[in-house]
Structures are given as structure tokens and as C-alpha cells.
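Each chain, letter by letter, is given below.
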Amino acid sequence: MSGFETIVMYLGMSLLVVLAMIGISAALGPFRPKPRKATTYECGVPLLDPAEKRYDVKYYLVAVLFLVFDLETVLIYPIAVRYKALAHIGWGVFFEVFIFVAVLLAGLLYAIKKRAIEWE
Amino acid sequence: MDNWVIALIKVVFIWTWTLLIATLMTWVERRGSAMMQDRLGPNRAGPFGLFQPLADGIKLFTKEDIIPEKAHKILFSLGPILFALPAFSAYAVIPFGDKLIVNGKEIILQVADVNVGFLYVVALGAMAVYGIVLGGWGSNNKYSILGGLRSTAQLISYEVPFGLSLLAVVLVYGTFSLREISLVQQGTFLGFLPNWGIFKQPLGFILFIVTAYAEANRVPFDLPEAESEIVAGYHTEYGSMRLGLYLFGEYVNMYTLAALMVTLYFGAWHLPYIDMSKFLGPVSYGIASFLVFFLKTAFFLWLFVWVRWTVPRFRYDQVMGLGWKALIPLALVNLFITALCIQLTV
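Residues numbered from 1 in each chain as written. Chains lettered and ligands numbered in written order. Predicted model: local features only at pLDDT ≥ 70, side-chain atom pairs only at ≥ 80, totals over all residues. Heavy atoms only, no water.

Asker: Whenever I open this one, the domain arrangement of chain A confuses me. Can you help?
Answerer: Interface size is commonly expressed as the accessible area that is lost once the parts come together. Here the domain parsing of chain A yields domain 1 (3–46) and domain 2 (57–113). Centre-to-centre, using C-alpha coordinates, domain 1 of chain A lies 40 Å away from domain 2 of chain A. (Domains from an automatic or database assignment.)

Pasting the structure below:
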């Protein structure tokens, strides 16, 4: 048998225990609802303003940058695992990958220069 | 049939073991911090306060399960589950010893030796972000949302150098199987050093350990829980075992990361200069390899506690600056040097 069935068993065990933990805690804990208990936490004062408002766009910017660089990593993984065999053929793969990386690095430098990751 | 029984025993044993160690870690953390700050720490429940984690667990189980009325009910309940599930499952592909031979049957001390083990660990590590962002957003509280956003931005920023430093390890070993990586770390490197990953990837290891601390939300990168700024971050509104899953998941993550450090950079179960399999019997060798692996992991677990009480917390702009301006370029340089070395030596 391959290892994947075992991984599914492992995941199943995690899911079972996590659900059981929440279930047991819900069953054992008291249930005495009060309107005050269910209010949103606001450091001891009545709620000032709703939580749905505008947040800094920088978080979005970081997410977009992350997508680009994470894709880069994922694209290099299959090359990395066969790299020793590919290196025998010549310098072609080496330059191909690092031209690709250099283009993205130029993008990162541009993002830094445009102050995309400055937090004041 | 036999294989299934062995697999089941391994799954149950390692799953329980992982959680047991994580539970003990909460005790080590509190006793360790007490030791460093010259106080006693928890010492009432059982000998040396050893039953303190048990008491904490019972307390969390018997607390009222409150869902705030303004929360998005489904997302709120999904958050801790999505955080704990990958944390509890990531150990499945990491070895915990070499092999045990019982009645002529060879048992590999690893739950699942799959050829994509590496990717499995990285993928599950990245899944934790969902738990945090959904929990933060689902609470519908501004501290939670801010904490969740901050935490997400930090985790995904460090995901990139984390992946890149691991990429260099894959370049060196040319495989995704963590058992194969462990096996080749036997013997010596350059004639006098142990053949461990750290000597082939010194810069890679520094990058890995820094990003691992950020991924585990540990000091000095514990900004999601910067209580002096945003209350308790993404788990402000959580209570009872839902909060417990968030806190506990973090300790399980620490154990997984420490074991990954040992597997990739510190020779897994191999001792330097000594080949245990030469003079130990089949059963005692299996047990010895398990103990060696565990002792190395325990050291890195202790390092997490040690660093926590040594280094102060970073400011948020420093965290993001370090991730994008220092670690990513350094990781690319490391990748370049590694590839160049391989290219020159083939």
C-alpha cells in the first residue's frame, strides 16, 4: 500500500478529534445565555462603531505580491527536484531559471522603491 | 491486513505522541519562563506542576461556548477547526526514527513515506492562514479583524522565504521524500564534518529558522497576539475549546517545525561520526534512533522557549521590512549559490 491511505487515516483522525473536542466542550460547558454576554468586545465600553469599515489597502497589496512570489517558488520546485540530472546537460537550465528569478526580483525592487511595503 | 494494522498503530501512536509533546510544551514553556525570570511557575497540580496542562484542558472543556451575536456563525466556528486540522496533521510525513525490525518484519518509523512529503508539509503549513483570516473576519470585531489581517499579511510574507529556503534543500538532495533526505545524512562531509544539512545549507538554515519562528507566530514575531496593541488579535472573541484549539495548534506547529529542522538540517536520527546500526540489535537500534531524533527535536523546542524570553517583539513595519527586504533577497542569493555549486561540481 502506498503512503497516501495512511495520510488519509491521519487526516481523518485529526478531523475526528478536533470535532470531538469542540463537541465535548459544548456539551460539558454551562449554557446560560445573557444578552450582555453575546455583545462584541470593546474594552469594557459600549460598542463605538461597527467592525465593517475600511481597512488599509496595504494588506491587499501584500497579498498580491505574495501570489507572484509564491507562484515563482511553486514553479521552481519541479525543476529543483530534477536539477542534478538537468545540470549534467549544461548551463541552460541554470540561466533559464535565474533569468526568470531576475525578472521577478526586478519587480520586487520596484515594489520596494514604490514604498509598497512601508508601514507607517 | 498486517500492513493495515501496523499503519493504524503508527498513526495512533504518532498522533497521540505529537499532541502529548505539545501538551507538555505548554508546561515547559511556563516552567522555563519562570526559571528565567526567577520565579516558581505552576507548581501546585501534581509533581513540579506536571498536571497543569491537564488542569488547563479541563478548564477549557468546561467553559461556556459563547458565539457573539454579531459574529458570522459559520465562519466563526470554521476558524479554529481550519487552524487546528492542518496543525495536527502535518507530522504525518516527517520521520521519527529509522526502522524497527520485529519478527523479521521491517517497520519504517514514519507514518507515511510518500514521494511528495515535502510539499505536504509546506501545503499544510500554509493552510493555517485560512483559520486565522476566517476566525478574525468571522468574529466581526475590529480587534479581531485587524489582528487577522496583520497575522495573514505576516504569515504570507514569510511563506515566500520559507518556501525559497526549502527549495535550496530540495536542490541539494534532489528528492521530496523526507526519509530519503534523512538517510543520506549519514557519514561525513568534506572528511571531518558530520554529513548534516546545516553544513551544506548554513545560510539556508538561518533563513529557515527565522521564517519558522514567524510561521509559528512565536516571539519575536508574535504580533498577531500583541496584547498591548490589539487585545488578543484574531482570537479576541473566542472562548472555551475553540480558543483552546488556536492555542494548542500553535504548540503542535512548533513541534512539527522543530522536527522538520532536525530532519532537514541536523541529520535526523544520525549521531555524528558514530553509526549506531553497526553495533546495536535491530530492536534496540530502532528505539535508539527514535530517542536520538526526539532529543534533537526537544532541543529545538527548548530553543523556541529560550528565544521567547531573550528577544523583544518587533514592530510591525520591522517585521514586514525584514521579510520582504532582507529575507527574500537573501533566500534568492542562497538559491543562486546552491545552484551554482551544484552546476560547478557535476
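Asker: Could you clarify how one ought to interpret the pairing of strand 1 (residues 95–102) of chain B in this entry?
Answerer: Regular strands have side chains that alternate between both faces of the sheet. Residue and element names in this part refer to chain B. For strand 1 and strand 2 (residues 105–110), the ladder comprises five bridges, and the chain directions are antiparallel. When the sheet's bridge partners are listed, I101 is paired in strand 2 with E106. Here strand 1 folds back onto strand 2, and the loop between the two strands holds two residues, one of which, N103, carries a positive phi near 50°. (Pairing = 2+ DSSP bridges. Helix = DSSP H or I, 4+ residues; strand = E, 2+ residues; numbered from the N terminus.)

Asker: It is not clear to me how the side chain of E215 of chain B should be interpreted in this structure. Could you clarify?
Answerer: Residue and element names in this part refer to chain B. Take E215: it is sitting in helix 8 (residues 202–215). We note that E215 is buried and unpaired, the nearest opposite charge coming from R218 at a distance of 14 Å. Sequence-distant contacts of E215, that is, excluding residues within four places in its chain, are made with L155, Y158, E159 and F162. (Buried < 20%, exposed > 50% of the residue type's maximum accessible area, 1.4 Å probe, protein only. Lys, Arg positive; Asp, Glu negative; His and termini not counted. Salt bridge = Lys/Arg side-chain N within 4 Å of Asp/Glu carboxyl O. Contact = heavy atoms within 4.5 Å.)

Asker: Can you help me understand the layout of surface pockets in this one?
Answerer: Put simply, the second largest pocket is a space of about 390 Å³. Taken together, 18 residues form the lining of the second largest pocket, with F66 and D70 of chain A together with V122, A126 and E159 of chain B sitting closest to its centre. Contributing elements (two or more residues each) for the lining of the second largest pocket: helix 2 (58–81) of chain A together with helix 4 (117–139) and helix 5 (142–173) of chain B. Tallying contributions element by element places helix 4 of chain B first for the lining of the second largest pocket, with seven residues. (1 Å grid on protein atoms, 1.4 Å probe; cavity = no way out; pocket = protein on both sides within 12 Å on 5 of 7 lines; lining within 4 Å. Points joined across faces, edges and corners; volume = space filled by probe spheres on them.)

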